[in-house]
Amino acid sequence: MSPLLLILSIMAINIAYVSIFTLRLILVIKGRRGAASFLAMAEVFIYLAGLNLVLNNLSNPIHMAAYCVGFGLGVYLGSRIEEYLALGYSVVQVITESDKSTLPDKLRGFGYGVTTWTADGRDGRRLVMQVLVKRSNERRLMSSIMMIAPKAFVISHEPRQFKGGFWAKMIER
């Protein structure tokens, strides 16, 4: 095998391995054990092929560097793939400047389930909203919020599990 082809092979194998590793880890965290198990089999096969190439060519530090570069690129690619897939849900909490905001009704008009309550902030009464949204729709929700209430304070996080309420009924269908 030519030296350039060997270097490119080591990088490509490691990019594939680490991308799959990243996706598998995310699937395990999200409770998708079957898909994670399937990816684990492919991951180990690719890992062993790449490791074999590197171990058989340890005399050249460029091969080890190619392994390291492939590893870094694999982490990046795997995280980009997961971001594209946008698995799971996000909880978006929105706090408006005033408790008189029309934002909840407008978001409900877009099809989002919105729970609201009034809170006391440093500068007066605030309206607090909580919205559960598919991660694939989170950017659209954020754009809607910023368009309607650009000064709103917004926090987003991923719930591990949820039960009951508006969303649970929709998911059961």
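This is a predicted model, so every value here is computed, not measured. Position numbers for residues start from 1 in each chain and track the written sequence from start to end. Only residues with pLDDT of at least 70 are given local features in this predicted model, and only at 80 or more are side-chain atom pairs given and counted; all residues enter the totals for whole chains, interfaces and linings. Computation of side-chain values: all heavy atoms of the structure, hydrogens and water removed.

Caption draft 1: How the structure looks around the packing of helix H1 (residues 3–29) against helix H3 (residues 61–85). To obtain each axis, a line is fitted to C-alpha atoms, and for helices this fit is confined to the stretch in contact; angles are then taken between N-to-C directions over 0 to 180 degrees. Numbered from the N terminus, helices here are DSSP runs of H or I no shorter than four residues, and strands are runs of E no shorter than two. Viewed as axis vectors pointing N to C, H1 and H3 meet at an angle of 35°, and their least axial separation amounts to 6 Å. In this structure, H1 crosses over H3, and the sense of that crossing is right-handed. Charged means Asp, Glu, Lys or Arg here, nonpolar means Ala, Val, Leu, Ile, Met, Phe, Trp, Tyr, Cys or Pro, and polar covers whatever is left, Gly included. When grouped by side-chain class, the residues that make up the contact of H1 with H3 number 19 nonpolar, eight polar and one charged. Helix crossings get a hand from a simple test, with the near helix turned counterclockwise from the far one by less than a right angle marking a left-handed crossing and a clockwise turn marking a right-handed one.

Caption draft 2: Looking closely at the sheet that holds strand E4 (residues 153–157). A pair of strands is treated as paired once DSSP finds two or more bridges between them. Pairing is antiparallel across the open sheet formed by four strands, whose spatial order is E2-E3-E1-E4. In the strand order of this sheet, the two ends are held by strand E2 (114–121) and E4, each with one partner. Along the sheet, successive strands turn relative to each other by an average axial angle of 20°, direction set aside. Across seven bridges, strand E1 (residues 89–95) lies against strand E3 (residues 124–134) in antiparallel orientation. Residue pairing in the sheet places glutamine 93 in a bridge with glutamine 130 of E3. We call two residues contacting when some pair of their heavy atoms lies within 4.5 Å. Against the sheet, helix H5 (residues 138–148) engages E1, E3 and E4, with an angle of about 10° to E1.

Caption draft 3: Just unusual backbone geometry, in detail. The backbone of alanine 86 shows a phi angle near 45°, a positive value even though the residue is not glycine. Think of it in three bands: residues with accessible area under 20% of the maximum for their type are buried, residues over 50% are exposed, and the middle band is partly exposed, with areas taken using a 1.4 Å probe on protein chains only. Alanine 86 gets classed as buried once you look at its relative accessible area, which sits at 12%.

Caption draft 4: Here's a closer look at the packing of H1 against helix H2 (residues 33–55). Direction vectors running N to C along H1 and H2 enclose 155°, while the axes themselves pass 8 Å from each other. On the basis of the axis angle, H1 is roughly antiparallel to H2. Considering how the two elements wind past one another, H1 and H2 form a crossing that is left-handed. In this structure, H1 contributes Leu6, Ser9, Ile10, Ile13, Ala16, Tyr17, Ile20, Phe21, Leu23, Arg24, Leu27 and Val28 to the contact, and H2 contributes Ala35, Ala36, Leu39, Ala40, Glu43, Ile46, Tyr47, Ala49, Gly50, Leu53 and Val54. For the contact of H1 with H2, the per-class residue count stands at 19 nonpolar, two polar and two charged. For classification purposes, an angle smaller than 35 degrees is called roughly parallel, one larger than 145 roughly antiparallel, one from 65 to 115 roughly perpendicular, and anything else oblique.

Caption draft 5: Region of interest: the side chain of glutamate 43. Tracing the sequence through the fold places glutamate 43 in helix H2. On the basis of relative accessibility, which here comes to 6%, the residue glutamate 43 falls in the buried class. If sequence neighbours within four positions are ignored, glutamate 43 has contacts with Tyr17, Ile20, Phe21 and Arg24.

Caption draft 6: View of the pattern of salt bridges. Throughout this description, the term salt bridge denotes a Lys or Arg side-chain nitrogen within 4 Å of a carboxyl oxygen of Asp or Glu. Throughout the structure, instances matching the rule amount to 10 salt bridges. Among the salt bridges present, the one from lysine 100 reaches aspartate 99, with a minimum N-O distance of 3.6 Å. Residue aspartate 99 is classed as partly exposed on the basis of its relative accessible area, which comes to 26%.

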